[in-house]
Amino acid sequence: LEAGNAIVTEPGRPRPRTPWPFLRFLGQRLAAFIVLALGITLIAFLLTQLVPGDPALSALGPVTSADPEAVAAYHHHWGTDKPLPVQYLTYLWNLLHGDLGTSQLSHQPVSTDLREAIPATAELALLAITVAILIGVPLGVVAAIRQNKPSDHTLRVVSLAGISMPTFWLALLALYVFFFRLNWFPGGGRLDPGVLPPDEITGMYSVDAALQGDWDVARDALDHLVLPALVLAAFNVSLIMRYTRSAVLEVVHDDYVRAARAKGLPERDVVRKHVLRAALPSVVTVIGLVFANVLTGAVLVENIFAWPGIGQYAYQASIELDLPAIMGVSLFVAFVYVAVNFVVDVLYGVIDPRLRLQ
Amino acid sequence: MDRPALTRRRVLPAVVVGVAMLTLVAAAAYASPGAKQQAAADGTLVIDTSFVVQTIDPARMFEPTSQIAVKGMYDTLLTFRGGKTKPLPWLARSWTVSKDAKTFTFNLRRDVRFTDGTPLTSADVLFSFRRIVNLKGSPSFLLAGVKVSAPSPYRVVLRSSQPNPALLRIVPNPSLGIVNSKLVKANGGTDAVGADKKDKAEPYLLSNSAGSGPYVLKSYSNKTQIILEANPSFWGPKPKFQTVVIRNMPAATQLLNVQRGQNEVALDLSAQQATTLRGKSGLRVVTNASANLFNIDINTDPKISEVAANKDIQTAIRYGLDYNAFVKLSGPGAVQAPGMIPTTFLGHLPPSARIKRNLAKAKAAVARSGIEDPKITMTYPSELTINGISFATLAQKTKANLADVGIEVTLVGKPVNAFLETYAAGKHEMSQSYWGPDYPDPNDYLVFTPGGLAANRVNWGATDDPALAALAKRAQRTVKDTQRARLFQQIGRTMNQRAPFYPLFQPAQAIVSSSNLTNAVLGVIWPLDVRAVGSR
């Protein structure tokens, strides 16, 4: 993720007039995604073939898998009896028609599985990242402005602890204290037992229930969301704080900041309008990466909180060699990174006029 | 045309509005009446388990979590009660078995109706059983070599090509649950030959139930929860709970949930975890030996390994293993397996028949083998944990035990699928292995006798031990339980002396439930019988 990825022009230089620059930019990213997706499907397909082991053996059990007819029926059912190039081309052809295949593990279309798993993780990730930004960025700025003072040392130690603490341990600790001991939050899952999810609009239960005015379910969903999101945020608060601190330190002693202070501007304005704004592109880059990581790699938190997100789905798929699911998840991961790159590039322009689109 | 740029002034209001909306949503949700955290309401049974579920189509499923749900929704011809393995009447009010154990005639109840009011008849049994066979799915082996016929609307006949005294203990399996044939056919189901390619009923059965059991499917997710609701028109005793929620939870979270919940059951706690809950008010903790069997297999083919195939080395391993240490490793409630048939089943050996560690005997056998510094490779499924016991830990223990008698073991851990592939091909010199019962009958353990499925994986053919193979064949065909018990014990004693299998232990299993619940016991085939669980 670099500022240079955006279509940028510098002030003062003649700008080439390109029609529909934003659409062109979007088109370029879309083309990049298609190429990336093709590459990823091929790599995922080949790597899965390289892993020794026949998924039929564990799927059918020891007795049935000893029956060649049953094994053949299994492979026929899942299309794995065809030559590898045919399997791959069939996959691509189906993909072109929006069909991601059927999961061998869930016996459901992968698209259905992803439609359940992605919003679950997105709901978690959005809250976690919002909390992480709201806490991490200000603390990072404070640490940088008060460099080498006790508050900086304290924040650095705290952030180091946050980064070093294993997430699964923190998750268990949070459950023990806030669910088991204090009973402030429920113990896992997206809803209380027996509560039916709201009708699907976004797939994010708290949002969907609220949109439908089902406040009991909305509250239940929020109750379940808060604790895992905070655990997920803990690591990222530390990360964002550290990066913000170093980004701010890079600019805080620059001449233009000194000039702003010399002009008599209040320190708050100096920090907000001059220091933070200049540091933000680096911070946004990190936030983009963190968001993509959270969206694709929250497997431990998801597991301990029984949160049926994309991390758990990916983990199960790889353990069971569920090829269609592995491919579906790989495509999703590719899409997330391309999309996050795109959003970050756009944000560069919003933050810094020098990097703005034509 | 110039496009408006995305500027801070444009984005900021959008962000503010977004955050304000979220805050409003949260505030509205929390301010709403009756929105306090909802514990499981009375009338709801909550079962926490780590999901192992691919489907809840009875004819395709064979996973523990599926069995809990399917057992609640579908009736079987016969059943078991509690942890017992005596077949009891259910849909079949009576039955007869021919002397050669090949023909089984079941007389059905006449008052059973599916949830849509359709009477359950022999045609439904015929359809359900044929569909299982022709789908060629995981449970199809249960009816291998069995032909089904329906001579009258309330009579079903199963004819086995081989004497099959185990069949009475096979039909209670939830996979053999009876579906509403008209309904399933109307939704793409077929029982015809070729059903493995033509049957399209699974998606329907993942969102609807088509059974006659006390519960019906309300919602299904193989990732979060399966919700069952009481069947108001159930033909039998009224279901004890209005709702049953089977919830996907890791064991660590189950440990906390069961202490806070009401009408709650935790199925996956290790014996150690369960023991920590003993004596706590409001909880009922039961630990006992499971019917799962942990064992070690050794290859008898000298082409695979001269060392492994050496009879003296096999003897050395038999007496070099520290069986007591394996039992301790498994936790309170575990027992040493007296033979390859677990203590829960007909034909198991008495405790006095257990193999005991004898280091002197083991070392003498190594010396007798003529192999200097014997080395052997043992393969194990590296990431597999069953009943809270990691195969990697067991493998380390085996290695240390055998080092005591002078056998050097090299450990090779493989992912389960890779392990199974080489294991099934009979390529492992030695394996850290495991067997879970498919049905609670000693016939399920004939796979370990010469020429059996598991024996073939260590290349132990019928010709390698003709006497034992003949005994196994006789046991397979014997009908009377008393005679079968005697024969299987005879087989067990012989195998403890010379089979290439070392039965280690039956691990402890635990079930923890709210103390007001009744009959929350682990079953032998299904983890929990939801229809039996009640509340005081």
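Residues numbered from 1 in each chain as written. Chains lettered and ligands numbered in written order. Predicted model: local features only at pLDDT ≥ 70, side-chain atom pairs only at ≥ 80, totals over all residues. Heavy atoms only, no water.

1. Brief notes about the overall build of chain A
Then, in step 1: Looking only at helices and strands, chain A has 14 helices and zero strands in total.
Then, in step 2: N-terminal to C-terminal, the α/β element order of chain A is α-α-α-α-α-α-α-α-α-α-α-α-α-α.
Then, in step 3: The principal-axis extent of the C-alpha atoms belonging to chain A is close to 85 × 60 × 45 Å.
Then, in step 4: By residue count, 50% of the 358 residues in chain A fall in the buried class.
Then, in step 5: When contacts within chain A are restricted to residue pairs at least 6 apart in sequence, those whose partners lie at least 24 apart make up 73%.
Then, in step 6: Surface accessibility of chain A: about 16,900 Å² in total, with carbon and sulfur atoms responsible for 66%.
Then, in step 7: Each charge class in chain A was averaged separately, 24 positive and 29 negative side chains, and the resulting centres sit 21 Å apart. (Helix = DSSP H or I, 4+ residues; strand = E, 2+ residues; numbered from the N terminus. Buried < 20%, exposed > 50% of the residue type's maximum accessible area, 1.4 Å probe, protein only. Contact = heavy atoms within 4.5 Å. Areas by Shrake-Rupley, 256 points an atom, 1.4 Å probe, with all protein chains shown as cover. Lys, Arg positive; Asp, Glu negative; His and termini not counted. Charge placed at Lys NZ, Arg CZ, Asp CG, Glu CD.)

2. Overview of the sheet that holds strand β15 (residues 375–381) of chain B
All names here are of chain B.
Then, in step 1: A sheet is described by the order of its strands in space; here six strands give the open sequence β14-β20-β13-β19-β15-β18, paired in mixed fashion. The open sheet has two edge strands with one neighbour each: β14 (335–336) and β18 (408–414).
Then, in step 2: Sheet topology places β15 next to β18; seven bridges connect them, and they run parallel. By the bridge assignment, T377 is partnered in β18 with T410.
Then, in step 3: Contacting β13 (293–298), β15, β18, β19 (430–435) and β20 (501–506), helix α14 (residues 391–403) runs over the sheet at an angle of about 135 degrees to β19. (Pairing = 2+ DSSP bridges. Axes fitted to C-alpha atoms, helices over the stretch in contact; angles between N-to-C directions.)

3. A short note on the packing of helix α4 (residues 84–96) of chain A against helix α14 (residues 323–351) of chain A
Residue and element names in this part refer to chain A.
Then, in step 1: With their axes 13 Å apart at the nearest point, α4 and α14 run at an angle of 55 degrees to one another. With respect to their mutual orientation, α4 and α14 come out oblique. Judged by the sense of rotation from one axis to the other, the crossing of α4 with α14 is right-handed. Between α4 and α14, the residues in contact are Y88, Y91 and L95 and M327, G328 and L331, respectively.
Then, in step 2: Considering only residue class, the contact of α4 with α14 consists of five nonpolar, one polar and no charged. (Parallel < 35°, antiparallel > 145°, perpendicular 65-115°, else oblique. Left-handed = near helix turned anticlockwise from the far one by under 90°. Nonpolar A, V, L, I, M, F, W, Y, C, P; charged D, E, K, R; others polar.)

Geometry only, nothing functional implied.
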